[in-house]
Amino acid sequence: MRPIVQLWLLPCRQMPVLGVLGHLLWLGALACLVWIVPHADGAAIGTGLLAMGSWFWHLGLATTLRSACQPETFLLPAFRRHLAIFGLLDAALWVGLPAALALALGVPYALLGGALLLLAAAMGFAMGVERWVSLLFWPLLVLAGWMPGLAGAIVHDALRSPLTLPLLLLVAALLLRLALHPMLQVTDRPPDTSPLEGLSLGRNATPDAAPRRSALGRRFEGWFDTIAQHAMEQALARYRAAPSAARRRTLVRRLLLPHDNQVAIALRMAIMAVFATLYVIVALHRRHFDATVVGAYAVLIALARFPQIGRGMQRMRPNLADLYLTLAPITRAQYQQTLADALLVLVPIGTVTALAYTALGIVLTHAAQPGLMLLVTLIVATGGGLVALAVHLIGPQNTVGRQLVNAAVLLGTTATYWVGVWLADTLGYLFGGGLLALLVLGFGLGVWFAAQREYQRREPCFDAPLT
């Protein structure tokens, strides 16, 4: 029984907020079924809460199990049997118990509601294992947002069709088959990439348990690796032809940030533009949609890369010893300065990324103030990038500290963006934008220079991280 309890606690330990939220929604849903069921909307509210909680819980569960199901894990005694028992208990708690309670209380469409709960659980689990599965449901969201009348008619007819129940069960079974097959398959560990890259390690994975990548993820990563290899060969050839400090710094960047060359950046932006376009299309059908919010989202997307710096530099400590011996710096501060200069390129990359997404949003939403959005995005993304790089470079080493620092940076940057929109709209582009640039860029440069001096003062560390 203890292994099953440990499997149940796994998502709560790695993602406590998600685990608590899922179980609170489960309790709220059961309360709706028991106490509000005499009302017409009680069953619908309970089913919606339970489906949402099940989706959240199984998304986190699949993410953690994907990292835990490594080839060496299957050598544990009766691991597959414990995993199967845990799956049955999970299905009974999230699907069987609510469905049986609904049947006992005489809730209409109880079997259909149970099938929908099973589908929500299978959907969340499949999205946690195979990220590309979420692409299959984007067209449904677009359809529901674009033509709500048609979506309502489809739901109305589906409630009366005898084929709806077996179809939902079939889709849920296919999703579970799609998710369980790669997770339970014993394969070789995928090759490691640079820990500073977002593709290298899952957000909640540990260095000793690299997450399994889906077929689509491996295809994308193969493209990025090929582009990175070509960029490294070009940089090395140029350095050998005419050695210089600038080309040496480029080589260090290609080594630390292999997926941050021009071609890879363009490919990453094109992939993200597809998701951004789908989101904007859905959001446009809201009654009150402010196009200015696109710039705030673009800035947050650009800043999402910087938390990887703190985790990646910590994991790369043993490998950086070889780089230190290869560079053979005169002083340790010179070596630290080389690393800081190599990572500084992430700031203009983030700014260009934010501007590109903002421009895409302007085109899609036909924004009334495109100049204001681009100006504020340029200033806030640059200042926020400098602050984010500084705090993640010298900030806390533990996971909780990094998350708190990242949350503070994101909240501060978001608030600064909206203050900048107000300043530029009230005082004009020249005075408002100038004041915003003076405050934001001055603060960002001050924080970066202070962090750079602190980083140079620190002794290089090549010990492997404890966690």
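## Some details on the overall build of the chain
Right, so step 1: Counting its regular elements, the chain contains 18 helices and zero strands.
Right, so step 2: Counting across all 467 residues of the chain, residues that qualify as buried make up 41%.
Right, so step 3: Here the analysis covers contacts within the chain between residues at least 6 apart in sequence; of these, 79% occur between residues at least 24 apart.
Right, so step 4: Total accessible area on the chain stands at roughly 24300 Å², and carbon and sulfur atoms take up 70% of it.

## Description of the nonpolar core
Right, so step 1: Counting residues in hydrophobic clusters, the biggest one holds 46 residues, and the most contacted among them are Leu256, Leu320, Leu323, Leu339 and Val376.
Right, so step 2: If one sorts the elements of this core by residue count, helix H17 (residues 370-394) sits on top with ten residues.
Right, so step 3: Residues contacting valine 376, with those up to four places away along its chain left out, are Tyr417, Gly420, Val421, Ala424 and Leu436.
Right, so step 4: Counting residues in hydrophobic clusters, the runner-up holds 33 residues, among them Trp8, Ala62, Phe86 and Leu168.

## Some points on the packing of helix H16 (residues 346-365) against H17
Right, so step 1: Taken N-terminus to C-terminus, the directions of H16 and H17 make an angle of 155°; their axes are 9 Å apart at the nearest point. If you check the angle between H16 and H17, you find them roughly antiparallel. Here H16 and H17 pass one another in a crossing that is right-handed. Facing Val347, Thr351, Ala354, Leu355, Thr358, Ala359 and Ile362 of H16, the residues of H17 in contact are Pro370, Met373, Leu374, Thr377, Leu378, Ala381, Thr382, Gly385, Leu386 and Leu389.
Right, so step 2: Split by residue class, the contact of H16 with H17 holds twelve nonpolar, five polar and no charged.

## Comments concerning the packing of helix H5 (residues 110-129) against helix H8 (residues 164-184)
Right, so step 1: The contact between H5 and H8 brings their axes to 8 Å, and the two run at 25°. As judged from the angle between their axes, H5 and H8 are roughly parallel. H8 is crossed by H5, and the crossing has left-handed handedness. Every residue of H8 that contacts H5 at Leu111, Leu112, Ala115, Leu116, Leu118, Leu119, Ala122, Met123, Phe125, Ala126 and Val129 is listed here: Thr164, Leu165, Leu168, Leu169, Val171, Ala172, Leu175, Leu176, Ala179, Leu180, Pro182 and Met183.
Right, so step 2: Residue composition of the contact of H5 with H8, by class: 22 nonpolar, one polar and no charged.

## A closer look at the environment of histidine 82
Right, so step 1: Assignment of secondary structure puts histidine 82 in helix H4 (residues 79-105).
Right, so step 2: Exposure remark for histidine 82: the relative accessible area of 16% places this residue in the buried category.
Right, so step 3: In sequence terms histidine 82 and proline 3 are 79 residues apart; their C-alpha atoms lie 6.8 Å from each other.
Right, so step 4: Histidine 82 has contacts with Pro3, Ile4, Leu7 and Pro77, leaving out every residue within four places of it along the chain.

## A few points about the environment of alanine 115
Right, so step 1: Among the secondary structure elements, alanine 115 is positioned in helix H5.
Right, so step 2: For alanine 115, a relative accessible area of 3% gives the class buried.
Right, so step 3: For the pair alanine 115 and glycine 96, spaced 19 residues apart in sequence, the C-alpha separation works out to 9.9 Å.
Right, so step 4: Sequence-distant contacts of alanine 115, defined by excluding residues within four places in its chain, comprise Leu165, Leu168 and Leu169.

## Observations concerning the confidence of the model for the chain
Right, so step 1: In this model, the chain carries a mean pLDDT of 79, and residues with pLDDT of at least 70 account for 80%.
Right, so step 2: Model confidence for the chain, summarised as mean pLDDT per element, is weakest for helix H6 (residues 134-146) at 64 and strongest for H17 at 92.
Right, so step 3: Long-range and interchain partners of residues 199-211, a stretch whose pLDDT sits below 50, account for 30 contacts in this model, where long-range means more than four residues apart.

## Observations regarding the side chain of threonine 64
Right, so step 1: Tracing the sequence through the fold places threonine 64 in helix H3 (residues 42-68).
Right, so step 2: Separated by 2.9 Å, the side chain of threonine 64 and the backbone oxygen of leucine 61 make a polar contact.
Right, so step 3: Excluding residues that lie within four positions of it along the chain, threonine 64 makes contacts with Leu10, Pro11, Gln14 and Met15.

## Thoughts on the side chain of threonine 377
Right, so step 1: Within the element layout of this structure, threonine 377 appears in helix H17.
Right, so step 2: Setting aside its immediate chain neighbours within four residues, threonine 377 contacts Gly295, Val299, Ala354, Leu355, Thr358, Thr382 and Tyr417.

## Description of unusual backbone geometry
Right, so step 1: A positive phi is found at alanine 78, a non-glycine position, where the angle reads about 55°.
Right, so step 2: Residue position: alanine 78 is located in the loop between H3 and H4.
Right, so step 3: Take alanine 78: its relative accessible area is 31%, and that puts it in the partly exposed class.
Right, so step 4: Phi at alanine 328 takes a positive value of approximately 50°, unusual for a residue other than glycine.
Right, so step 5: If you trace the backbone, alanine 328 turns up in the loop between helix H14 (317-327) and helix H15 (332-343).

Conventions adopted
- In every chain, residue numbers begin from 1 and rise along the written sequence.
- With the structure being a predicted model, the display of local features is reserved for residues of pLDDT at least 70 and the display and counting of side-chain atom pairs for 80 or more, all residues being used for whole-chain, interface and lining totals.
- The side-chain values count all of the structure's non-hydrogen atoms but skip hydrogen atoms and water molecules.
- The numbering of helices and of strands both runs from the N terminus, where a helix is a DSSP run of H or I of at least 4 residues and a strand a run of E of at least 2.
- The rule is simple: take the accessible area with a 1.4 Å probe, protein chains only, and divide by the maximum for that residue type; under 20% is buried, over 50% is exposed, in between is partly exposed.
- For this analysis, residues touch if any pair of their heavy atoms sits within 4.5 Å.
- Computed by Shrake-Rupley with a 1.4 Å probe, the accessible areas treat only the displayed protein chains as cover when residues are assessed.
- Put simply, buried Ala, Val, Leu, Ile, Met, Phe, Trp, Tyr and Cys residues joined by side-chain atoms within 4.5 Å make one nonpolar core.
- Convention adopted: a line fitted to C-alpha atoms gives each axis, helices being fitted over their contacting stretch, and angles between N-to-C directions are expressed from 0 to 180 degrees.
- These descriptions rest on fixed angle ranges, namely under 35 degrees for roughly parallel, over 145 for roughly antiparallel, 65 to 115 for roughly perpendicular, and the rest for oblique.
- Should the near helix be turned counterclockwise from the far one by less than a right angle, the crossing is left-handed, whereas a clockwise turn marks it as right-handed.
- Three residue categories are used. Nonpolar comprises Ala, Val, Leu, Ile, Met, Phe, Trp, Tyr, Cys and Pro, charged comprises Asp, Glu, Lys and Arg, and polar comprises the others, including Gly.
- Per-residue confidence from the predictor is reported as pLDDT, which spans 0 to 100.
- Pairing of N or O atoms within 3.5 Å defines a polar contact, subject to two protein rules: one partner must be a possible hydrogen donor and the other a possible acceptor, and residues neighboring in sequence count only if both atoms are side-chain atoms.

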